[in-house]
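Structural features, examined
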Amino acid sequence: MLFDRIKQNPDIVLGLATGGTMEPIYQQFVARLQQEKIELSRLRSFNLDEYVGLNPQHPKSYAAYMHEHLFQHIGYDSQRHFLPDGLAPDLDEYCRAYSDKIRRQGGIDLQLLGVGTNGHIGFNEPGTPFDSRCHVVRLSERTRRDNSRFFAKGAIVPETAITMGMQDIMEARQLVLVATGSAKAETMARFYQSDVTPDVPITALKQHPDARIILDEAAASQLPDAVRRQYAVSDKITSGPVRRYA
Ligand code: GLP
């Protein structure tokens, strides 16, 4: 998906996500790069979020994640690849500038999204207003517990993070949300059943004109059968057709 989109439009602005769900997506992208060359020198990207207080070299920072999974393979250029800085001295001012920078670059063409078990997208926790811009967020206990699996045993998961706001995300011209594994089954059932509400941030996608959702069998397992058939349900997320939802 990423590969073909960049091939079609080398000037694309991507919105990038982190988390376990995204790892196979970057892996497949890098594997394809080894078989076929594409123009990457004009690609621009904005990352969704970052923990406050972790420097980019910290192995659990999202900057380190992006370097490991993508940038070391495609070349990192700080003038084109933007990641929120969790060490910015004035975080509120920094966040304002980050949202502005997205707009100055012409907005995001394709935004990748995962989803938290509580329905968060980026780090927009339940209750975040839909008109929010990039901001500092206090992470919920559930999110910190979920993400503790990435940290060493006993290590403290940061309590705060920077995230693109709901409006920054919704302004992307296309959204592609991927959810895999049984831990996301209840979340996706809730997404399906719920009206559009900030209490379940992922429901905002129902209002987006071009939002696609890709689920594997496990993540789709609590959806009604008829709905399941609408999705790209397969055990390999690349092998099914990508269907549009909403
Ligand atoms: C974190 C990130 C989200 C991501 C979510 C799901 O909280 N801030 O952007 O979507 O985790 O992560 P995983 O794919 O590891 O389940």
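Before reading further, recall that the structure is shown in the block above.
Reference entry: report on the structure contained in this document.

We now examine the overall build of the protein. Looking only at helices and strands, one finds eight helices and nine strands in the protein. C-alpha extents for the protein along the principal axes are approximately 50 × 45 × 35 Å. When each of the 246 residues of the protein is scored for burial, the buried share is 53%. Residue pairs in contact within the protein that sit at least 24 positions apart in sequence constitute 74% of those at least 6 positions apart. For the protein, the exposed area adds up to about 11,400 Å²; of that, 47% sits on carbon and sulfur atoms. Averaging the locations of the 29 positively and 30 negatively charged side chains of the protein gives two centres separated by 4 Å.

Glancing now at the sheet that holds strand β2 (residues 44-47). In spatial order, the strands read β4-β2-β1-β5-β8-β9; together these six strands make up an open sheet with parallel pairing. The two strands at the open ends of the sheet, each matched to only one other strand, are β4 (81-82) and β9 (211-215). The sheet contact formed by strand β1 (residues 13-16) and strand β5 (residues 110-113) spans two bridges and is parallel. From the neighbouring strand, Leu14 faces β5, where its bridge partner is Leu110. Contacting β2 and β4, helix α4 (residues 91-104) runs over the sheet at an angle of about 150 degrees to β2.

Here β9 lies mainly inside the structure; four of its five residues are buried. Of the pairings in the sheet, the one linking strand β8 (residues 174-179) to β9 comprises five bridges and is parallel in character. Considered in β9, the bridge of Leu177 is made with Ile213. Taken together, β8, helix α7 (residues 185-193) and β9 constitute a β-α-β crossover, and its handedness is right-handed.

Computed from the structure, the largest pocket encloses a volume of approximately 370 Å³. Along its surface, the largest pocket is lined by 22 residues, and Gly19, Val115, Gly116, His120 and Asn147 are the ones closest to its centre. Among the residues making up the lining of the largest pocket, the classes are represented as eight nonpolar, ten polar and four charged.

In this section: the site of the ligand. Taken together, 14 residues lie around the ligand, and Gly20, Thr21, Asp49, Arg149 and Lys184 are the ones closest in. A distance of 2.8 Å is found between an oxygen atom of the ligand and a side-chain nitrogen or oxygen belonging to His120. At 3.2 Å from an oxygen atom of the ligand is found a side-chain nitrogen or oxygen belonging to Asn147. Summarising the interface, the protein chains cover 96% of the accessible area of the ligand, which totals 390 Å² for the free molecule. Structurally, the ligand is housed in the largest pocket.

For any two aromatic rings, the description comes down to two numbers: the centre-to-centre distance and the angle of the planes. Tallied over the entire structure, the rule returns ten aromatic pairs. Through a chain of ring-to-ring contacts, three or more aromatic side chains come together here, namely Phe46, Phe82, Tyr94 and Tyr98. Across the ring face of Phe191, the terminal group of Lys206 is positioned such that the distance to the ring centre comes to 5.1 Å.

A two-sided burial pattern is seen for β1, the buried positions comprising Val13 and Gly15 on one face and Leu14 and Leu16 on the other. Here four bridges tie β1 to β2, and the two strands are oriented parallel to one another. Across the sheet, Leu14 pairs through a bridge with Ser45, a residue of β2. Running through helix α2 (residues 23-35), the crossover from β1 to the neighbouring parallel element β2 is right-handed.

The subject of this paragraph is the pattern of salt bridges. This model, assessed by the stated rule, comprises 13 salt bridges. Across the salt bridge formed by Glu36 and Arg32, the nearest N and O atoms sit 3.5 Å from each other. By relative accessible area, which is 25% here, Glu36 ends up partly exposed. Among the ionic pairs, Arg133 bridges to Glu171, the shortest N-O distance being 2.8 Å. Of this pair, Arg133 sits in the loop between β5 and β6 (135-138) while Glu171 sits in the loop between α6 (166-170) and β8, and the two are 38 residues apart along the sequence. Look at the salt bridges and you will find they share partners, linking Asp4, Lys7, Arg32 and Glu36 into a network.

What counts, and at which threshold
Residues numbered from 1 in each chain as written. Predicted model: local features only at pLDDT ≥ 70, side-chain atom pairs only at ≥ 80, totals over all residues. Heavy atoms only, no water. Helix = DSSP H or I, 4+ residues; strand = E, 2+ residues; numbered from the N terminus. Buried < 20%, exposed > 50% of the residue type's maximum accessible area, 1.4 Å probe, protein only. Contact = heavy atoms within 4.5 Å. Areas by Shrake-Rupley, 256 points an atom, 1.4 Å probe, with all protein chains shown as cover. Lys, Arg positive; Asp, Glu negative; His and termini not counted. Charge placed at Lys NZ, Arg CZ, Asp CG, Glu CD. Pairing = 2+ DSSP bridges. Axes fitted to C-alpha atoms, helices over the stretch in contact; angles between N-to-C directions. Right-handed = clockwise from strand over helix to strand, strands pointing away. 1 Å grid on protein atoms, 1.4 Å probe; cavity = no way out; pocket = protein on both sides within 12 Å on 5 of 7 lines; lining within 4 Å. Points joined across faces, edges and corners; volume = space filled by probe spheres on them. Nonpolar A, V, L, I, M, F, W, Y, C, P; charged D, E, K, R; others polar. Near = heavy atom within 4 Å. Polar contact = N/O pair within 3.5 Å; in protein donor to acceptor, adjacent residues only side chain to side chain. Sits in = over half its atoms within 2 Å of the grid points. Phe/Tyr/Trp six-rings, centres within 6.5 Å; stacked < 30°, edge-to-face > 60°. Lys NZ or Arg CZ within 6 Å of the ring centre and 35° of its normal. Salt bridge = Lys/Arg side-chain N within 4 Å of Asp/Glu carboxyl O.

Purely geometric stuff here, so don't read any function into it on its own.
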